[in-house]
Every structure is written in C-alpha cells, then in structure tokens.
Number of protein chains: 2
Amino acid sequence: MNVRTLCLSILHEGDATGYEIRRLCVDGECSYFIEASFGSIYPALARLESEGLVSSRTEQQDGKPTKKVYSITPAGRDAFVQELSEPLGEETFRSPFLLFARFAHLLPRDLVEARANEFLRERSERNKIVTAAKATSMNACDAWVINYGRAMMGVAEEYLRAHMHELIALARAEPNKDAAE
Amino acid sequence: MNVRTLCLSILHEGDATGYEIRRLCVDGECSYFIEASFGSIYPALARLESEGLVSSRTEQQDGKPTKKVYSITPAGRDAFVQELSEPLGEETFRSPFLLFARFAHLLPRDLVEARANEFLRERSERNKIVTAAKATSMNACDAWVINYGRAMMGVAEEYLRAHMHELIALARAEPNKDAAE
DNA sequence: CCGGCATATATCGATCCGACATACCCGGCC
DNA sequence: GGCCGGGTATGTCGGATCGATATATGCCGG
C-alpha cells in the first residue's frame, strides 16, 4: 500500500491539498491505520498529476500561503479501483514502546514509569479522536473500519491502564546513579 | 526504533545469524510488533560489527550453507541500554486491508469476501503462534508484552469473525462483467 | 533427474521517512 | 516596536528501509 494509493483514496472522497492529506493521516479518524509524511506525499501528488490521475488548481487565500488543491480525475478513479483489486500487502504494526517494555527489567523504574505514562496518554488521546467521530455523515464502510479500530485500540488502552503498574514493578529498583554520566 | 536496535535486542537474548533474526521477526512471538527485511538486517549487522557492538564467527554445517553467527559485545549491551533510554518513536500501524475495506462499496462482492477470508485466516494463524507461546521459559517482561499483543490481536480476530459478513453485504452486488477487460 | 523448498548471505533500485528550508501572517509578551 | 513561537503551506534531500533478485547448496518427492 503505497503513498500514491493513499492519496488517491483521500482525493476519492473530495479535493484536498498535500497539507490536508498529511493532517488527515495524523489527526483524522483513520490515523490509526494510515500514515505518510510530507516527504512522500508531495512527490506522490506531483507524479500522480504528471500521469493524469489527479489535477490541481492554485487557490489564493489572504492571511495564509497560496495552496494547491488537488482533484481526482476519472482516470484516477479507475486506477484507484484497479489498485484495490490487486493483492493486498501485509499488515504492519511496529511499537517502539513494546520493544522498550520487553527490557524493562534492565531499566530504572523512573524511566519505565515515565514512558508508560506517556504511552498511555498518547494512546488515550488518539482513542478520544476516533471515539469522537460521529457515525452520522459517514458511510457504512467507514463506520465498519472505525469500529474495528475502536475495538482494537480500546482494549490496548484498557490493558495498559490495568497492567502498567505490573510492568513498572518489574523495572530496576535502583537507578544506579554511579552509571549515569 | 531502527533495525540496529532491533538486532541488538535479539542478540541481547542470545547469539543468532541474520537469517535467524529475520525468522524471529516473521514467525516469532514478537512478530506482531517488530519487523525487518534482509535488505536492512544484513547491512545493520555489518555496521554493528564495524562499530564493535557485535562480533561474529563463521560456522560450517554439513547439508546446509555456512553461517555467520553474531554475538553481542559488552559495548553492544551498553549501547542497547543507552538507546532504550532515549525518547521512543511513535507507534505505527498500517493496514492495507482496512484501506480496502473503506471502499468495499466500490468493489465486487466476490473480491471483498475473498479478501476478508484471507485476512481472517492470516490473523487467526498469527494469533495461534502467539497464543501457543508458553509462559514458562519466558521472563516476566516478555510475558507482559505477549499478553498485550494477545489482548489486541484477540479482539481484532473476534471483531472480524463477528462482523465480516456485514462488510461483505456492503460490497457491490453485481460484478459488472462488462467493465472487466 | 529435475523442480521446488529450506537454509544462508548479500546487493540494488525504488520507496519512504524525518529533518530541514522557505515563506507569510498572527498573537503574545517584554 | 520588535521578536519569538506557532499555524499554514510547499517542497527538497540524505539516509533508512523494503522487496525483489542473485547466488549457492542440499534435500525430498514426483
């Protein structure tokens, strides 16, 4: 699932700028299973335009920089459906925190506690965004996907809240201040 | 969380070859939150060796190609703990299937049904691996992490099993065979 | 006996991320 | 008034990473 397809999927639902696509990835309701950075979105949009799958127009705004609004073309819609029909890539889930947690016994308790709290807070905030998305003004497929995410991320938060103190208890009791530089 | 750190984390638990590290990422109990390909593991190991954080020895085997077994050095252990103490990266979760599912209404029912079944089967097999991992011969931190994964992936499987028929029902009824080339 | 599969190492092009550069306006603050 | 931080917006660039491929060997089944 490359950034090209991601851009087409968003433009399929309506016009957007590169900046807005990025925001949807970070803050949107689908932020829990989609991701892309500026460094890949802008080149992807430029390439899509050169291939005739999207078109763009510049819009002046006062008080804000000029923006470049992209629209999907009929050829783009076809290419998108075609792409979805091809075999799907693997699901990837990568969690630096879980790698950290596996080695909690090597690390000072203060650090483990701090990281666990950060992690819970971030998870909790993300979940609030997804839970806040109201089912009205959302098609049935979107609702299905959002509920999938809600279910998964909900138990993640619950597990953390219920068991994080166990993890903290497993951490090294003495920070061993001599080792600190 | 780069591949370097991932390699150090595995070598911290015991010696391994590049090939074995890859296998642990794909089939191991932590396969649900860790990933790396040959294309990044081998260069990472070479660089770690040049920096003195790991050492290697070649081992002849009969019936199998010669292998290069890596061990972590004391400097490597220090660097690993140091790396874990630094701020953690963001969690990333990317799911081509969920992107596909958002647009189920555009796609023929047969295809949606086939992909949903594939996805459930893969999820289910992964879960069996993680559930099969016995708590004995596992330290408490590992158990904590495995249980986190079990909880998340468990509900993912349940949700799929319970609701996939709803998604299939949302797909396009007629495959529209004229459109197929 | 030949093709497919598992073991094992390694490279290479394409993709993608993360940090930075640039630019403008707004609001707060000393 | 000046200055800094933050939001909006586009884009580049180096490095990290992926996915496919190359190479080699030996085993097993048809």
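Each value, and the rule that gives it
Residues numbered from 1 in each chain as written. Chains lettered and ligands numbered in written order. Predicted model: local features only at pLDDT ≥ 70, side-chain atom pairs only at ≥ 80, totals over all residues. Heavy atoms only, no water. Least-squares fit on C-alpha atoms with pLDDT ≥ 70 in both. Contact = heavy atoms within 4.5 Å. Near = heavy atom within 4 Å. Polar contact = N/O pair within 3.5 Å; in protein donor to acceptor, adjacent residues only side chain to side chain. Helix = DSSP H or I, 4+ residues; strand = E, 2+ residues; numbered from the N terminus. Nonpolar A, V, L, I, M, F, W, Y, C, P; charged D, E, K, R; others polar. Domains from an automatic or database assignment. Buried area = accessible area lost by both parts, 1.4 Å probe. Expected span 1.5 Å × (residues − 1). Buried < 20%, exposed > 50% of the residue type's maximum accessible area, 1.4 Å probe, protein only. Arc of directions from axis to C-beta.

> Pulling in residues and values, what's your account of the relation of the copies chain B and chain A?
Under the fitted operation, chain B is carried onto chain A by 0.0 Å of movement along the axis and a turn of 180°, and the coordinates agree to an RMSD of 0.0 Å. In symmetry terms, the pair is related by a two-fold rotation axis. Taking C-alpha positions as reference, the residue of chain B nearest the rotation axis is Phe93 of chain B, located at 2.2 Å. The overlap is high: 100% of the interface residues of chain B also sit at the interface in chain A, so the same surface is used on both sides.

> Requested: an account of the protein's contact with DNA strand C, with residues and values cited.
Near DNA strand C you find 23 residues, and of these Asn2 and Ser40 of chain A together with Gln61, Pro65 and Lys68 of chain B are the closest. Taking all atoms of DNA strand C within 4 Å of the protein, the share assigned to sugar and phosphate is 65%. Ser40 of chain A has a polar side-chain atom sitting 2.4 Å from a phosphate oxygen of DNA strand C. Note that a phosphate oxygen of DNA strand C is positioned 2.8 Å from one of the side-chain N or O atoms of Gln61 of chain B. If you list the elements that add at least two residues to the surface near DNA strand C, you get helix H3 (38-50) of chain A together with helix H2 (18-27), helix H3 (38-50) and strand E2 (64-72) of chain B. Per-element tally for the surface near DNA strand C: the top contributor is E2 of chain B, with five residues. Residue composition of the surface near DNA strand C, grouped by class: six nonpolar, 10 polar and seven charged.

> Can you lay out the domain arrangement of chain A for me, pointing to particular residues and giving the numbers?
Residues and elements named next belong to chain A. The assigned domain composition of chain A is domain 1 (3-85) and domain 2 (96-170). When each unit is reduced to the centre of its C-alpha atoms, the spacing between domain 1 and domain 2 is 29 Å. Residue-level contacts link eight residues of domain 1 with 11 residues of domain 2. Both faces considered, domain 1 and domain 2 share a buried interface measuring about 760 Å² in area, 60% of it formed by carbon and sulfur atoms. Of all residues in domain 1, Glu29, Ser31 and Tyr32 give up the largest surface area on contact with domain 2, accounting jointly for 69% of the area buried on that side.

> Help me get a handle on H3 of chain B, residues and values and all.
Residues and elements named next belong to chain B. An ideal rise of 1.5 Å per residue puts 18 Å on 13 residues; H3 measures up with 18 Å between its terminal C-alpha atoms. If you check which residues of H3 are buried, you get Ile41, Ala44, Leu45 and Leu48. In a view along the axis of H3, the buried residues occupy a sector of 100°, so they form one face of it. Seen from the buried face of H3, the exposed residues on the opposite side, beyond 90 degrees, are Gly39 and Ser50. Against helix H1 (3-13), H2, strand E1 (54-61) and E2 lie the buried residues of H3. Note on H3: the residue one or two positions beyond its end, Gly52, has a positive phi of about 80°.

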